[in-house]
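Summary of structural features
Residue strings, one per chain:
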Number of protein chains: 2
Amino acid sequence: MTKEAHLGRALRQLRQQNDWTLADVSEMTGLSISALSKTERNQLSLSYDKLIQLSQGLKVDITTFFEDAPGTAAQSGNSAGPAGRRSINRADDGRMIKTPNYQYVYLSTELLNKKFVPIVADIKARSLEEFGPLVAHDGEEFTYVLQGSVEVHTEHYAPAILKTGESIYFDSGMAHGYVACGDQPCRVMSVCSSPEASLINSLKQHFGEVDES
Amino acid sequence: MTKEAHLGRALRQLRQQNDWTLADVSEMTGLSISALSKTERNQLSLSYDKLIQLSQGLKVDITTFFEDAPGTAAQSGNSAGPAGRRSINRADDGRMIKTPNYQYVYLSTELLNKKFVPIVADIKARSLEEFGPLVAHDGEEFTYVLQGSVEVHTEHYAPAILKTGESIYFDSGMAHGYVACGDQPCRVMSVCSSPEASLINSLKQHFGEVDES
DNA sequence: AAAATTATTTTCCTATGCGATAATTTTTCC
DNA sequence: GGAAAAATTATCGCATAGGAAAATAATTTT
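These lines cover the structure that appears in this document, whether it is placed above or below. This one's a predicted model, so the numbers in the text were calculated from it and none came from an experiment.

Quick notes on the overall build of chain A
Looking only at helices and strands, chain A has six helices and eleven strands in total. In chain A, buried positions account for 36% of the 213 residues. Taking the contacts inside chain A whose residues are at least 6 apart along the sequence as the reference set, 61% of them involve residues at least 24 apart.

What follows is the structure, encoded as structure tokens:
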């Protein structure tokens, strides 16, 4: 039985505002009418699972049911992604960019405003000296080793070696850099969460002009 | 007993990051050690009251314990991403999930609230009939073929065949499905923009219970 | 306004939450 | 490398969550 009265009030208010009956809400959420009734009258303290069922069924943010609720709201339908579209990358498609350290191929560049940016890169630098200063950019980055092995250097960690098939996910706000191990070719698939333009910009910043085909 | 695994992982992560023992957390929150232990292992679905006790005791926002609902995903400066952190996936790391059509390995699952979700999947279905109805989920999806070739089926397009090294980016709100071509093993690397839990949820929705190790 | 219909609460029962303590595992310190 | 200590997990039992259906209250119909 509940001490916190907020859940009950929030639920009842939501329900009445939308002119839903308990049966309606039961239908939408899969919770029983009796459980809902008791919840509204604070005679029942729903478990985690049921809370999720409730908020998903009613399509409201979970914070609706908690006091503090720091104005979350961030609703879905944000801007112009590839709504209903797709883009295929064949063998040599993509936007190729060369720097002293990497040769990038940015994929699916004809789709704008993607939620993340996929890139295939060949690592050229063979030592940290050759690489130069590490680079940081907003967002998060994931890298999967397709071929060879890489040494990943990051600001707050000891370098880590990744072999083919291994991967890493990190906050790309930490400065970072990839160095090829051994002398076989070394290729990775990276995904970045910051916009393509800002990634390419930071390359230009770092290397001056840049070789694009 | 819980179905939603997020609470357990979020709590354990929070606890370990701060070097707290279960006893410490029990002290701070007033919940029993055994309840906490079970919660972390998803054997217990805390009630509303206890959730509030937990978040207040640990002085974290309640949303820490919920996979960000509909909206939040690709926003920039939002809460608890892997700020300043990294996560490495060795050969057999990851959260493995099997369905009739795929065998997934979700990567970097110890980082919560990632901006996108990397997955390695082995495609098992060999025909569209075998695959069954296509599946849709919020957000965007990118897939790169690591091995073999796949036929990608999507709602508004003719099927496309991708060979090793090719890739596709599309709106995953379109129903879609992957089918292996030929009879060699077929492995892909996928990235999805919607939260891990909601992906796994839609799997469960689709297949009923699901085989997780 | 009584009957019929629809909405809500109560009752009763089973499954699950959750705490005390015992058993086990992991870590620390000789 | 084994004993002691610390941390985690398992077991048991009572209390509460939560569903089905009966009882009551509120609306609508005729």
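Notes on unusual backbone geometry
All names here are of chain A. Phi at Asp-19 takes a positive value of approximately 55°, unusual for a residue other than glycine. With respect to the element layout, Asp-19 can be found in the loop between helix H1 (6-17) and helix H2 (22-29). A positive phi angle is found at Asn-42, which is not glycine, with a value near 55°. In this fold, Asn-42 is placed in the loop between helix H3 (33-40) and helix H4 (48-57). The partly exposed category is assigned to Asn-42, around which 19 C-beta atoms lie within 10 Å.

Regarding the nonpolar core
Grouped together as the largest cluster of nonpolar side chains are 90 residues, with contacts concentrated most on A:Ile123, A:Val150, A:Val188, B:Ile123, B:Val150 and B:Val188. Excluding anything up to four places from it in sequence, B:Val150 contacts B:Ile123, B:Val145, B:Leu162, B:Tyr178, B:Val179, B:Ala180, B:Cys181, B:Cys186 and B:Val188.

With respect to the sheet that holds strand S6 (residues 149-154) of chain A
Sheet strands line up and pair through hydrogen bonds in the backbone, either parallel or antiparallel. All names here are of chain A. In spatial order, the strands read S7-S6-S9; together these three strands make up an open sheet with antiparallel pairing. Looking along the sheet, the strands with just one partner apiece sit at the ends: strand S7 (157-162) and strand S9 (176-181). Averaged over all pairs of adjacent strands, the angle between strand axes in this sheet comes to 20°, irrespective of strand direction. In the sheet, S6 pairs with S7 via four bridges, with the strands oriented antiparallel. By the bridge assignment, Glu-151 is partnered in S7 with Ile-161.

Side note on the protein's contact with DNA strand C
In the region of DNA strand C, 22 residues are neighbours, and B:Ser32, B:Ser34, B:Ala35, B:Ser45 and B:Ser47 sit closest. At the level of secondary structure, the elements contributing two or more residues to the surface near DNA strand C comprise H2 and H3 of chain A together with helix H3 (33-40) of chain B. Broken down by element, the residue count for the surface near DNA strand C peaks at five residues, all from H3(A). Taken together, the residues of the surface near DNA strand C sort by class into nine nonpolar, nine polar and four charged.

Focus: helix H6 (residues 196-207) of chain A
For H6(A), spanning twelve residues, the distance from its first C-alpha to its last is 17 Å, which sits close to the expected 16 Å at 1.5 Å a residue. In this structure, the buried side of H6(A) is in contact with strand S2 (95-98), strand S3 (102-106), strand S4 (117-123) and strand S10 (187-192) of chain A.

Re the sheet that holds strand S6 (residues 149-154) of chain B
Residues and elements named next belong to chain B. Across the sheet, which stays open at both edges, the three strands sit in the order S7-S6-S9 with antiparallel pairing between neighbours. Whereas interior strands pair on both sides, the edge strands pair on one side only; in this sheet they are strand S7 (157-162) and strand S9 (176-181). Between one strand axis and the next, the sheet turns by 20° as a mean value, whatever way the strands run. Alignment of S6 against S9, held across six bridges, turns out to be antiparallel. When the sheet's bridge partners are listed, Val-150 is paired in S9 with Ala-180.

Some remarks on the protein's contact with DNA strand D
With respect to spatial proximity, 20 residues lie near DNA strand D, and among them A:Ser32, A:Ser34, A:Ala35, A:Ser45 and A:Ser47 are the closest. Those elements that place two or more of their residues in the surface near DNA strand D are H3 of chain A together with helix H2 (22-29) and H3 of chain B. No other element matches the four residues that H3(B) contributes to the surface near DNA strand D. Broken down by class, the residue content of the surface near DNA strand D amounts to nine nonpolar, nine polar and two charged.

Reading guide: rules and limits
- Residues numbered from 1 in each chain as written.
- Chains lettered and ligands numbered in written order.
- Predicted model: local features only at pLDDT ≥ 70, side-chain atom pairs only at ≥ 80, totals over all residues.
- Helix = DSSP H or I, 4+ residues; strand = E, 2+ residues; numbered from the N terminus.
- Buried ≥ 20, exposed ≤ 12 C-beta atoms within 10 Å, placed from the backbone.
- Contact = placed C-beta atoms within 7 Å.
- Core = buried A, V, L, I, M, F, W, Y, C linked by C-beta atoms within 7 Å.
- Pairing = 2+ DSSP bridges.
- Axes fitted to C-alpha atoms, helices over the stretch in contact; angles between N-to-C directions.
- Near = placed C-beta within 6 Å.
- Nonpolar A, V, L, I, M, F, W, Y, C, P; charged D, E, K, R; others polar.
- Expected span 1.5 Å × (residues − 1).

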